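Understanding the architecture of this molecule
One letter stands for each residue in the lines below.
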Amino acid sequence: DSPTNTNQGITVNGFVKDGVGEPISGVAVIIKGKSAVTSGADGSFSVAGVTTPYEIATILSTQKTAIVYKGLTRTDPTLLYTLGALGTAKNATITGTVPSASAKRTLVFFVSGTTVFSATANSATGAYSIAALWYTSATSFVGKVYVLRWTAATSGFPTDYDAFGSKDLTISATGTFTVNFSSGELTDPPEQTISGSVSRASASYSLTNRELYINFGNSIVALSSEVGTAPLADAFSITVPSVAGATYAIYAGAVQTATPNARSSYFYRAGIAAGTSGLTITLAIAPQLTTPVNNGTSVDTTTSFLYSPGGAAGVHRVAIYPAIGTNPRFLIYTNESSFTIPNLASVGFGLPA
């Protein structure tokens, strides 16, 4: 009997999607060493006989962007254009009034799953108008309209909440929907604190910002930011309303002054319950490019980029932007600490001379 080759590789069946999860059709998908294929109407593509680990790229010519994933082994990748939505815009309007309150901020926000639209009510009249704009295929959203009112300290964080309420609402594209709240429909929520500190990677990092978010499920609603004379203190104590179904998130960022460019480290911590104390938000050491040197010349697809990946394990996102906007840009995802710019000249996406 003749020998049989059992090493035929895997078949990769994946999708190309934009920043809001909508399919992108008609774009080139290239697995290194294989012929290019084109994504279908639902964003799907298929490539057989792939040896793992593999490198895969999708070319969005209209966006002048190549998105590259290195070192994949899975058979079902989703390639994401993370720079925004590419679909047709849809919109609706939510208007109404809430009880007016001078020297206070009243945030009105609509939540449906992960979708959030918000506006600040006029403190003198109580009027608000939410411009809901989305790019997904959805034509309607079932959710709730929330009202939250507070007094803010000079730092920007709330010190006292005195009104909270919600109403069910379904919105649909092109519609205008009116939701009014009276004083009797709002309650004075109990308050608790979230306290802890930010752990910077080293004393050379200065804490520059801290932000508070409220989450209902997986929604992300920005409430306020701490501002003041930089650097901010590591320790914090933030007042939050204790309301059913809500958790909180804190976003912190620090900057290390360096030549030729400053380096930044950020962290977003979600799922924080009201009343949590002793919380530590740890900021990792920022990554740093080692070669080529800043302002290096003669860079091409053979140039090896080396960098220290910083203090956080996981996947690195390398963004390469052109000085001239008409030239291509590259987004590279890798778990390695080196890379070369992929040679995509064969599909019209080569580097400029």
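Residues numbered from 1 in each chain as written. Predicted model: local features only at pLDDT ≥ 70, side-chain atom pairs only at ≥ 80, totals over all residues. Heavy atoms only, no water.

Thoughts on the environment of Ser182
For clarity, the cut-off: Numbering of helices and strands runs from the N terminus, with a helix taken as a DSSP run of H or I at least four residues long and a strand as a DSSP run of E at least two residues long.
Summarising the element assignment, Ser182 is placed in the loop between strand E14 (176–178) and strand E15 (191–199). Spatially, the C-alpha atom of Ser182 lies 9.9 Å from that of Ser100, the residues being 82 residues apart in sequence.

Quick notes on the sheet that holds strand E18 (residues 235–241)
Quick note on the threshold: Any two strands are treated as partners once DSSP identifies two or more bridges connecting them. An axis is simply a line fitted to the C-alpha atoms; with a helix, the fit covers only the stretch in contact. Between two such axes, the angle follows the N-to-C directions and lies from 0 to 180 degrees.
Pairing is mixed across the open sheet formed by three strands, whose spatial order is E18-E15-E21. Two strands lie at the open edges of the sheet, namely E18 and strand E21 (279–282), each paired on one side alone. Strand-to-strand twist across the sheet, computed as the mean angle between neighbouring axes with direction ignored, equals 35°. Note that E15 and E18 share seven bridges and pair antiparallel. Looking at the pairing, Gly196 lines up with Phe236 of E18.

Description of a nonpolar patch on the surface
Our working rule: Here a patch means residues that are over 30% exposed by relative accessible area and free of salt bridges, tied together within 9 Å if like-charged and within 5 Å if nonpolar (Val, Leu, Ile, Met, Phe, Trp, Tyr). For the accessible areas, the method is Shrake-Rupley and the probe is 1.4 Å, while residue cover comes only from the protein chains on display. What counts as a salt bridge is simple: a side-chain nitrogen of Lys or Arg found within 4 Å of a carboxyl oxygen of Asp or Glu. Burial classes: relative accessible area under 20% of the type maximum marks a residue as buried, over 50% as exposed, and values in between as partly exposed (1.4 Å probe, protein chains only).
A cluster of nonpolar side chains, namely Val20, Leu133 and Tyr135, defines an oily patch on the protein surface of about 240 Å² accessible area. By secondary structure assignment, the location of Val20 is in the loop between strand E1 (10–17) and strand E2 (28–31). Classification of Val20 by relative accessible area gives partly exposed; the value is 40%.

Quick word on the layout of surface pockets
The condition that has to hold: A 1.4 Å probe that fits into a set of points on a 1 Å grid over the protein atoms alone but cannot get out defines a cavity; an open set with protein on both sides within 12 Å along at least five of seven lines defines a pocket, and lining residues are those with an atom within 4 Å of a point. Grid points are joined across faces, edges and corners, and a volume is the space filled by probe spheres set on the points. Residues are grouped as follows: nonpolar covers Ala, Val, Leu, Ile, Met, Phe, Trp, Tyr, Cys and Pro; charged covers Asp, Glu, Lys and Arg; every other residue, Gly included, is treated as polar.
By volume, the largest pocket amounts to about 1200 Å³. When its residues are assigned to classes, the lining of the largest pocket shows 23 nonpolar, 13 polar and two charged. Looking at the second largest pocket, its volume works out to about 370 Å³. Along its surface, the second largest pocket is lined by 14 residues, and Val299, Ile320, Pro322, Leu351 and Pro352 are the ones closest to its centre. Residues that form the lining of the second largest pocket fall into these classes: 12 nonpolar, one polar and one charged.

Section: the environment of Thr280
You can see Thr280 is positioned in strand E21. Under the relative-accessibility criterion, Thr280 is labelled partly exposed at 38%. For the pair formed by Thr280 and Val198, sequence separation is 82 residues and the distance between their alpha carbons is 5.8 Å.

Comments concerning the sheet that holds strand E4 (residues 44–50)
Pairing is mixed in the open sheet, where three strands are placed in the order E4-E1-E7. Only two strands of the sheet have a single partner each, and these edge strands are E4 and strand E7 (78–80). Going across the sheet, the axis of each strand differs from the next one's by a mean of 30°, ignoring polarity. Inspection of the sheet shows E1 paired to E7 by three bridges, in the parallel sense. Pairing of Phe15 across the sheet is with Thr78, part of E7.

Coordinates in, geometry out; function isn't part of it.
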